[in-house]
Amino acid sequence: FSMADSALGAAAQWDDVTGAPLNDAARSILEEAKATIAKSSAASSKSSSKAVISEDAARAILAAIPDVDLATGEHKYVQVIISVKGAPKGVSKPIVTSTAGLMYHPDMYDAAMKKLKPLGITGRVVGGGRINLDHGAKTASVWGYSKSFGRVEGCNERSAEIIGRFHPDYRVTWSDDGY
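From a predicted model like this one, the values you see are computed outputs, not experimental measurements.

Participant: Quick rundown of the sheet that holds strand β2 (residues 73-84)? Include the residues and the values.
Facilitator: Pairing within the open sheet is mixed, and its six strands lie in the order β1-β3-β2-β4-β5-β6. Lying at the two open borders of the sheet, with one neighbouring strand each, are β1 (68-69) and β6 (171-174). Examined bridge by bridge, β2 and strand β4 (residues 121-134) share twelve bridges and lie antiparallel to one another. Bridge pairing in β4 places Ile82 opposite Gly123. Against the sheet, helix α3 (residues 105-116) touches β1, β2, β3 (92-97) and β4, its axis set at about 45° to β2.

Right, dumping it as structure tokens:
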């Protein structure tokens, strides 16, 4: 069972083996994440859209959001491409996030978006896996995949690169092995 409360008020529940949603709260989180992916694909296929915020302003807003927000220890994580609502097409950046106490990848995405949406930030989940972050040893290990969002080629490698830029004095490793 998840510790995250959904907009429906009930805790989202996920199948521990398949990652499938088991109740309406979990289905709502997964549907929102998938709808964001679909909207992003549809928006990228449109030839013109008017930006209501300048590229410089959008980049400044994105720059204020940390590229990495990870809980210490071993947790699931998600990589999310974030952008500012109303910004010019293509102004975005990837972030890597995990939250202690959450057991499922969609809950990680939901927790991140609950913090970012009030700032006018939209997000599209790329994928996820597991991470072990040890500040004492200055190490981070990234591996596995999300059963809910599927295996995404290159996600762990890109996540490790983002973490390495954010923590340049850490030894960061990645693998696509395991769950």
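Participant: Hey, could you go over the environment of Arg171 for me, with residue numbers and the actual values?
Facilitator: Within the element layout of this structure, Arg171 appears in strand β6. Distance in space between the C-alpha atoms of Arg171 and Ala160 is 9.8 Å, their sequence separation being eleven residues.

Participant: Which residues make up the nonpolar core, and what values do they have?
Facilitator: Judged by nonpolar contacts, the single largest core of 27 residues is most densely connected at Ile82 and Tyr109. Sorting the residues of this core by element identifies α1 (24-45), α2 (55-63), β2, α3 and β4 as the ones contributing at least two each. Membership of the second largest hydrophobic core comes to 15 residues, among which are Leu70, Tyr77, Val96 and Leu133.

Participant: Residue-level account of the pattern of salt bridges, with values.
Facilitator: Where charged atoms from two side chains of opposite charge approach closely, those side chains can pair. All chains considered together, the criterion is met by six salt bridges. One salt bridge connects Asp67 with Lys93, and the closest N-O pair in it is separated by 2.6 Å. Pair noted here: Asp67 is in the loop between α2 and β1 and Lys93 is in strand β3, with a separation of 26 residues, a long-range link. The class for Lys93 is buried, based on a relative accessible area of 14%.

Participant: Any details on the pairing of strand β5 (residues 139-143)? Residues and values, ideally.
Facilitator: Side-chain direction in a regular strand flips from residue to residue, so the side chains alternate between the two faces of the sheet. Counting buried positions over the five residues of β5 gives four, a clear majority of the element. Where β4 and β5 come together, five bridges link them in antiparallel fashion. For Leu133, the partnering residue across the bridge sits in β5 and is Ala140. The antiparallel pairing of β4 with β5 creates a hairpin that spans four residues between the two strands, and Lys138 there sits at a positive phi of about 55°. Here β5 pairs with β6 via four bridges, running parallel.

Participant: Give me the lowdown on the side chain of Lys93, citing residues and values where you can.
Facilitator: Among the polar contacts made by the side chain of Lys93, one reaches the main-chain carbonyl oxygen of Leu62 at a distance of 2.8 Å. Within the structure, Lys93 has its side chain in polar contact with the side chain of Asp67 (distance 2.6 Å). Once residues lying within four places of it in the same chain are set aside, the contact partners of Lys93 are Leu62, Ala63, Ile65, Pro66, Asp67, Val80, Ile81 and Ile82.

Participant: Which residues make up the pairing of β3, and what values do they have?
Facilitator: Bridge count between β1 and β3: two bridges; the pairing is parallel. Each residue of the ladder has a partner; that of Asp69, found in β3, is Thr97. Relative to β3, β2 runs antiparallel, the two being bridged by six bridges. Within the sheet, the bridge partner assigned to Ile82 lies in β3 and is Lys93.

The rules behind the values
- Here the residue numbers are simple positions, counted from 1 along each chain's written sequence.
- Selection of residues for local features in this predicted model requires a pLDDT of at least 70, selection of side-chain atom pairs for listing and counting requires 80 or more, and totals for whole chains, interfaces and linings are taken over all residues.
- The side-chain quantities take in all heavy atoms of the structure and omit both hydrogens and water.
- Strand pairing requires that DSSP identify at least two bridges connecting the strands.
- By the criteria applied, helices consist of DSSP H or I runs no shorter than four residues and strands consist of E runs no shorter than two, each listed in order from the N terminus.
- In what follows, residue pairs with any heavy atoms lying within 4.5 Å of each other are defined as contacts.
- An axis is simply a line fitted to the C-alpha atoms; with a helix, the fit covers only the stretch in contact. Between two such axes, the angle follows the N-to-C directions and lies from 0 to 180 degrees.
- To form a nonpolar core, buried Ala, Val, Leu, Ile, Met, Phe, Trp, Tyr and Cys residues must be joined to one another through side-chain atoms within 4.5 Å.
- Exposed residues in this analysis have more than 50% of their type's maximum accessible area, buried residues have under 20%, and partly exposed residues fall in between, with area computed by a 1.4 Å probe over protein chains only.
- One speaks of a salt bridge when a side-chain nitrogen belonging to Lys or Arg is within 4 Å of a carboxyl oxygen belonging to Asp or Glu.
- N or O atoms closer than or at 3.5 Å make up a polar contact, with two conditions inside protein: a donor-capable atom paired with an acceptor-capable one, and, for residues adjacent in sequence, both atoms drawn from side chains.

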